[in-house]
Protein chains: 2
Amino acid sequence: MSSVLKLGLRNHREQHDSCCDCTIRNRAVCTYYGPQELALLEAIKFYKKFQPGQEIVAAGEVTEFLGSVVDGVVALSKTLSDGRRQTVGLMFPSDFIGRPMQPMAHYDAIAVTPVRLCLFDRPRFERILRDTPALAKRLLEMTLGELDAARDWMLLLGRKTANEKIATFFSILARRAAALEHKAPTDGLVFELPLTREAMADYLGLTIETVSRQITTLRKAGVIELVDARHLHVPNYAALLSVAGEDADGGMIA
Amino acid sequence: MSSVLKLGLRNHREQHDSCCDCTIRNRAVCTYYGPQELALLEAIKFYKKFQPGQEIVAAGEVTEFLGSVVDGVVALSKTLSDGRRQTVGLMFPSDFIGRPMQPMAHYDAIAVTPVRLCLFDRPRFERILRDTPALAKRLLEMTLGELDAARDWMLLLGRKTANEKIATFFSILARRAAALEHKAPTDGLVFELPLTREAMADYLGLTIETVSRQITTLRKAGVIELVDARHLHVPNYAALLSVAGEDADGGMIA
DNA sequence: CGATATTTTGACCCGGCTCAACCCAAGTGG
DNA sequence: CCACTTGGGTTGAGCCGGGTCAAAATATCG
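Residues numbered from 1 in each chain as written. Chains lettered and ligands numbered in written order. Predicted model: local features only at pLDDT ≥ 70, side-chain atom pairs only at ≥ 80, totals over all residues.

**Quick word on the overall build of chain A**
Now for step 1: Helix and strand counts for chain A stand at seven helices and eleven strands.
Now for step 2: Relative to the 2.2 N^0.38 estimate, which gives 18 Å for 254 residues, the radius of gyration of chain A is 19 Å and therefore close to what a compact globule would have.
Now for step 3: With the principal axes as the frame, chain A shows a C-alpha extent of 55 × 45 × 30 Å.
Now for step 4: The buried share of chain A, taken over its 254 residues, is 41%. (Helix = DSSP H or I, 4+ residues; strand = E, 2+ residues; numbered from the N terminus. Rg over C-alpha atoms; globule rule 2.2 N^0.38 Å. Buried ≥ 20, exposed ≤ 12 C-beta atoms within 10 Å, placed from the backbone.)

**Section: the interface of chain B and chain A**
Accessible area lost upon the coming together of the parts serves often as the stated size of an interface.
Now for step 1: Every contact between the two is made by 34 residues of chain B and, on the other side, 34 residues of chain A.
Now for step 2: No other element matches helix α3 (residues 133–159) of chain B, which puts 19 residues into the side of chain B that touches chain A.
Now for step 3: Across the side of chain B that touches chain A, the residue classes break down as 15 nonpolar, nine polar and ten charged. (Contact = placed C-beta atoms within 7 Å. Nonpolar A, V, L, I, M, F, W, Y, C, P; charged D, E, K, R; others polar.)

**Here we look at the environment of A:Cys30**
Residues and elements named next belong to chain A.
Now for step 1: Mapping Cys30 onto the fold places it in the segment before α1 (35–44).
Now for step 2: With 105 residues separating them in the primary sequence, Cys30 and Leu135 have C-alpha atoms 6.6 Å apart.
Now for step 3: Contact partners of Cys30, with chain neighbours within four places excluded, come to Cys19, Leu38 and Leu41.

**Overview of the nonpolar core**
Now for step 1: If you look at the biggest cluster of nonpolar residues, it comprises 141 residues, and the most contacted ones within it are A:Val74, A:Met154, A:Leu240, B:Val74, B:Met154 and B:Leu240.
Now for step 2: At twelve residues, helix α3 (residues 133–159) of chain A tops the list of elements feeding residues into this core.
Now for step 3: Sequence-distant contacts of B:Val74, that is, excluding residues within four places in its chain, are made with B:Ile56, B:Val69, B:Met91, B:Ile97, B:Ala109, B:Ile110, B:Ala111, B:Val112 and B:Val115. (Core = buried A, V, L, I, M, F, W, Y, C linked by C-beta atoms within 7 Å.)

**Things to note about the protein's contact with DNA strand D**
Now for step 1: What surrounds DNA strand D is a group of 19 residues, the closest being A:Thr196, A:Arg197, A:Ser212, B:Thr161 and B:Thr210.
Now for step 2: Within the residue set of the surface near DNA strand D, elements represented by two or more residues are α5 (197–204) and α6 (208–220) of chain A together with α4 (162–180) and α6 (208–220) of chain B.
Now for step 3: It is α6(A) that contributes the most residues to the surface near DNA strand D, six residues altogether.
Now for step 4: Class assignment for the residues of the surface near DNA strand D results in six nonpolar, seven polar and six charged. (Near = placed C-beta within 6 Å.)

**Quick notes on the sheet that holds strand β10 (residues 225–228) of chain A**
All names here are of chain A.
Now for step 1: The three strands lie next to each other as β9-β11-β10, forming an open sheet whose pairing is antiparallel. Among the strands making up the open sheet, the edge pair consists of β9 (189–192) and β10. Shown here is a sheet whose adjacent strand axes are inclined to one another by a mean of 25 degrees, direction ignored.
Now for step 2: Pairing analysis gives three bridges linking β10 to strand β11 (residues 231–234), with the strands arranged antiparallel. Within β11, the residue paired with Glu225 across the bridge is His233. (Pairing = 2+ DSSP bridges. Axes fitted to C-alpha atoms, helices over the stretch in contact; angles between N-to-C directions.)

**Some remarks on the domain arrangement of chain A**
Residue and element names in this part refer to chain A.
Now for step 1: Each domain of chain A was delimited in the assignment, giving domain 1 (10–150) and domain 2 (160–244).
Now for step 2: Here domain 1 and domain 2 have C-alpha centroids that lie 27 Å from each other.
Now for step 3: Of all elements in the fold, only β4 (74–79) and β5 (85–91) reach the threshold of two or more residues within the side of domain 1 that touches domain 2.
Now for step 4: The leading source of residues in the side of domain 1 that touches domain 2 is β5, at four residues.
Now for step 5: Tallied by class, residues from the side of domain 1 that touches domain 2 come to five nonpolar, four polar and one charged. (Domains from an automatic or database assignment.)

**Some remarks on the protein's contact with DNA strand C**
Now for step 1: What surrounds DNA strand C is a group of 17 residues, the closest being A:Thr161, A:Thr210, B:Thr196, B:Arg197 and B:Ser212.
Now for step 2: Only α4 (162–180) and α6 of chain A together with α5 (197–204) and α6 of chain B provide two or more residues apiece to the surface near DNA strand C.
Now for step 3: Of all the elements, α6(B) adds the most residues to the surface near DNA strand C, at six residues.
Now for step 4: The class makeup of the residues in the surface near DNA strand C is five nonpolar, seven polar and five charged.

**Regarding the confidence of the model for chain A**
As a note on interpretation, predicted positions should not be read in detail where pLDDT is low.
All names here are of chain A.
Now for step 1: In the predicted model, chain A carries a mean pLDDT of 91, and the fraction of residues at 70 or more is 91%.
Now for step 2: Counting interchain partners and residues more than four positions distant, the pLDDT-below-50 stretch residues 6–11 has five contacts.
Now for step 3: Within the model, the stretch residues 250–254 combines pLDDT values under 50 with eleven contacts to residues more than four positions away or in other chains. (pLDDT = per-residue confidence, 0-100.)

**Comments concerning the packing of α4(B) against α6(B)**
Packed helix pairs are characterised by how far apart their axes lie and by the angle those axes make with each other.
Residues and elements named next belong to chain B.
Now for step 1: Closest axis-to-axis distance for the α4/α6 pair is 9 Å, and the angle between their directions is 75 degrees. Accordingly, the angle class assigned to the pair α4 and α6 is roughly perpendicular. When α4 is examined against α6, the residues Ala162, Asn163, Ile166 and Ala167 are found in contact with a partner set consisting of Thr210, Val211, Gln214, Ile215, Thr217 and Leu218.
Now for step 2: Tallied by class, the residues present in the contact of α4 with α6 amount to six nonpolar, four polar and no charged. (Parallel < 35°, antiparallel > 145°, perpendicular 65-115°, else oblique.)

**A look at the environment of B:Pro52**
Now for step 1: By secondary structure assignment, the location of B:Pro52 is in the loop between β1 (45–50) and β2 (55–57).
Now for step 2: Sequence-distant contacts of B:Pro52, that is, excluding residues within four places in its chain, are made with B:Ala111, B:Val112, B:Thr113 and B:Pro114.

**As for the sheet that holds strand β1 (residues 45–50) of chain A**
Now for step 1: One open sheet holds the four strands; their spatial order is β1-β8-β3-β6 (chain A), and the pairing between them is antiparallel. A single partner strand is all that each edge strand has here, and the edge strands are β1 and β6 (96–97) of chain A.

**Considerations on the pairing of strand β4 (residues 74–79) of chain B**
Residue and element names in this part refer to chain B.
Now for step 1: Of all the six residues making up β4, five are buried; the element is thus mostly covered by neighbouring parts of the structure.
Now for step 2: One ladder, built from six bridges, connects β4 with strand β5 (residues 85–91); its direction is antiparallel. Residue pairing in the sheet places Ser77 in a bridge with Thr87 of β5.
Now for step 3: Linking β4 back to β5 in an antiparallel pair, the connection comprises five residues, with Gly83 at a positive phi of about 100 degrees.

**Examining the relation of the copies chain B and chain A**
The pair of chain copies shares a relation made of a rotation about an axis and a shift along it.
Now for step 1: For the pair chain B and chain A, the superposition axis carries a translation of 0.0 Å, the fit reaches an RMSD of 0.0 Å, and the rotation angle comes to 180 degrees. Taken together, the rotation and translation describe the operation of a two-fold axis.
Now for step 2: A share of 100% of interface residues in chain B that are also interface residues in chain A marks the association as one of identical surfaces. (Least-squares fit on C-alpha atoms with pLDDT ≥ 70 in both.)

What follows is the structure in C-alpha cells.
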C-alpha cells in the first residue's frame, strides 16, 4: 500500500555512482546527453532499491519522482475492481518509469526481481526536460518504442492462443538475453525466467495453471527444455519463433 | 495493397484550407503553435481523402508522409500470417498518424469511415520537429496519451469478458460523443457507431457473431437501445459503466 | 427489383478457466 | 534432526464462454 516514490524518502537514498560508468548509459533517457548536460541529471539523481514483490507505486497515487530501471525487472499492472489483473508492461534495465507532465500514476509498478532505480525529483526533471531538447527527443523516441511494444502485445492478448502466447514471451526473453551479449539469438541459448508463473499469467492474460500446462506442452514438443523451473534452454530458436506465430523476426521490442 | 501515403501523390492533393479555422486546431499536434510557427506547417501541409475500407498504409511499407486525422475514423491493425487480425488503435479527428523518426509502418492503417487527413512530407516535418520544441512537446504528450490508451486496452483484451468489452467500447464512444458537445455524458445520449460489426470484433478481440450476440444481450438487459444497427441510445450511462467494469470514470482515453 | 454485403440467430464444440489435489524446495522452530 | 509451514509449481477432472459452422433476416445499392 505505502508507495515509496510518493513522498519524502530522501533519507533512504543510496549513494551516487558516476553516470559515466553507468551500465545503462547508452540506452536510457540520458543517451543523447554530452558531459555537461549529463551533469544536470547527475546533480539531482539518486538510487533506490526494492525487494521482489515490493510495490514501487500504486495506480492513482501522485508520484514525486520518476526515473530509470538500472537493475532488475518491474511490472506495470492494472487491476479491475474484482481483482482481475493485467500486466501492461515489463520494464527492464534502461526503461523509463513514470509519466512526465502528469503526476498521477495510471498503473501499479511492482518489483518482480530485486530492483534498483535511478530516480529524479519530478519538478526538477521536468525543468530539465523543458530546457534540453536532447532529453525530450530521447523520451519521445522511447515512448514511441513503448507504444509499438504495447500494440504488439495487444495482438498477442487479443488473438494468440495460450501456446502462442507462451512461445512469444519466451522468444522475446531469448532475444533480450542474446542482445545483452551483443549477438543474435542462437540455438542452444540458456536464459533465466525472471518471472513467477503468476507474473507470467498476469502478463499473458492467462491463469497460472494454463501457463504451467503450456510450458509442459512446449517441453514435450521439444521446443524448449527446462534446466530448472526458472531457467530455459532453447535448442532451436527458429522452431520457437514458428510456434510463436512470428514471421522471421517479427517486430517485438519489449 | 497500393499505399497512398507511400509515394508521389502530390497530384491528388486537395486544396489548402486555413489552419486558423481548422476543426482540430486546438487538439492536434499543432495545438501549441502560435501564428508564425503555424505558418511553417501550413506551408507544407496538404489534404487527402479516403473512402471507407480504403487502405491508407500497409504494415512494413516505408511512408513518405505523416499527419493528422481531420475527419472520420482510421483503424490501426496488425495481422498474423494466418489472417487473424487485431485492431490496435482507433484514430479519431485530431489524432496523429505515422511515426516520426522511423519511416517503416508497424501496422496497417485503414479508413473505416470517409476520412480526410492533413498530411506533411516526412523529412520536412521532421526538420520542423527538430527546430521547434513546442511541436516535440505536443507530440510527446499525445504519444503518452496513446500509450495510456493502449495499456487500458490491454486490460480489456486480456481480462474482460465479451459483455464487458462491448460495454466498455460503447461507454468510450458515449464519452467521446458527449465531449464533442463539451459536456459530460448524460442519460439519454444518442450517438453513431462508426464501425461495422467486423471492425468492432477486430478491435475487441472477438468474432462478429459474439459482438452481435453481446449487443443483443445488452439491449435485452435494457442497458442500451438500438435506434438502428448503427445508432445507439444510452438510457442510463451509469448502468453502462457498471457493466463495463469501470469504477466511476475509469481512465480510458481513446 | 435482384444482388451483394452486413447483421442476427441457432446448434454445437473446444480451449482455457475453475476447483482441487499433490509435489517439492526452502525455511523455521522445537 | 525432524515436524510443520509456506510459497511456488504441476497435474487432473469437469465446465462454460466464446469460437465455429450454418442459415436466416435485414440493409444497401446498382
